[in-house]
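# Topology and contacts: notes
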Amino acid sequence: MSAYYHELLNILGLTSNQFLLIMVGASVLINIILFFWNIGQQVGIKKLKKQYAHLMRGNKDVDLEHLILTKFEDVESMQNVMEQHEGMMEQLREDMKTGFSKSGLVRYDAFDAMAGNLSFALALLDKNNDGFLLNVLYGREGCYTYIKEINNGESEIELSNEEQDAVDLAVNQEEE
């Protein structure tokens, strides 16, 4: 053995056999520690494998992969339904352009002897200001109803002041 080795043993106060015994003991101790650490790791891995198998099996023996794929199919189905609804909504928007969306109502007394504003002019127009004007005259002898066509906010037939006010109210109405 080298002189350095003998000098080290002298400093430690050990013989060659004692040093060998210490080295063997340390090696055995390290191997025992590693053995138990390895057993602990194997137990942990087994536990993780069991949890993973349970997770993949799912609840009540439902396959998690099948469940996820089913959810993806549901999402795709919902996207298709949403696209159909968007198409229907666009069609409704187009249809609403021709429906009456603006109105103007003016109540008045048609005859001097009558009170209570029982007569009225009602304008119903679409977004293009096309529609009709309904004028109802209420008097002692009866009730008379007149209708006039409105195109682009104008009538081909002359309008009374009340009728024109009703059309103006409808034309100038804010669209939502």
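Scroll up a little and you will see the structure.
Heads up: these notes are all about the structure in this document. Treat the numbers as computed from the prediction; the structure is a model and nothing was measured.

### Looking at the packing of aromatic side chains
Per the stated rule, a full pass over the model turns up two aromatic pairs. On the basis of an interplanar angle of 70° and a centroid distance of 5.6 Å, the ring pair of Phe-35 and Phe-36 is categorised as edge-to-face. Across the pair, exposure class does not vary: Phe-35 and Phe-36 are exposed alike. Between Phe-100 and Phe-132, the ring centres sit 5.4 Å apart and the planes meet at 85°, which makes this aromatic pair edge-to-face. Of this pair, Phe-100 sits in the loop between α3 (64-98) and β1 (102-108) while Phe-132 sits in strand β3 (residues 131-138), and the two are 32 residues apart along the sequence.

### Re the environment of Leu-137
Assignment of secondary structure puts Leu-137 in strand β3. Judged by relative accessible area, Leu-137 falls into the buried class, the value being 18%. When neighbours within four sequence positions are excluded, Leu-137 is seen to be in contact with Tyr-108, Ala-110, Ser-119, Gly-142, Cys-143, Tyr-144 and Tyr-146.

### Observations regarding the pattern of salt bridges
According to the stated counting rule, one finds two salt bridges in the structure shown. Between Arg-93 and Glu-90 there is a salt bridge, and its shortest N-O distance comes to 3.3 Å. Taken as a pair, Arg-93 and Glu-90 lie in helix α3 at a separation of three residues, close to a single helical turn. On the basis of relative accessible area, Glu-90 is assigned to the partly exposed category, the value being 40%. Where Glu-163 meets Lys-148, a salt bridge forms, and the shortest distance between an N and an O atom there is 2.8 Å. Remark: Lys-148 occurs in strand β4 (residues 143-150) and Glu-163 occurs in helix α4 (residues 161-171); sequence separation between them is 15 residues. Look at Glu-163 and you get buried, because its relative accessible area is 3%. The exposure class of Lys-148 is buried, given its relative accessible area of 15%.

Rules used throughout
- Residues numbered from 1 in each chain as written.
- Predicted model: local features only at pLDDT ≥ 70, side-chain atom pairs only at ≥ 80, totals over all residues.
- Heavy atoms only, no water.
- Phe/Tyr/Trp six-rings, centres within 6.5 Å; stacked < 30°, edge-to-face > 60°.
- Buried < 20%, exposed > 50% of the residue type's maximum accessible area, 1.4 Å probe, protein only.
- Helix = DSSP H or I, 4+ residues; strand = E, 2+ residues; numbered from the N terminus.
- Contact = heavy atoms within 4.5 Å.
- Salt bridge = Lys/Arg side-chain N within 4 Å of Asp/Glu carboxyl O.

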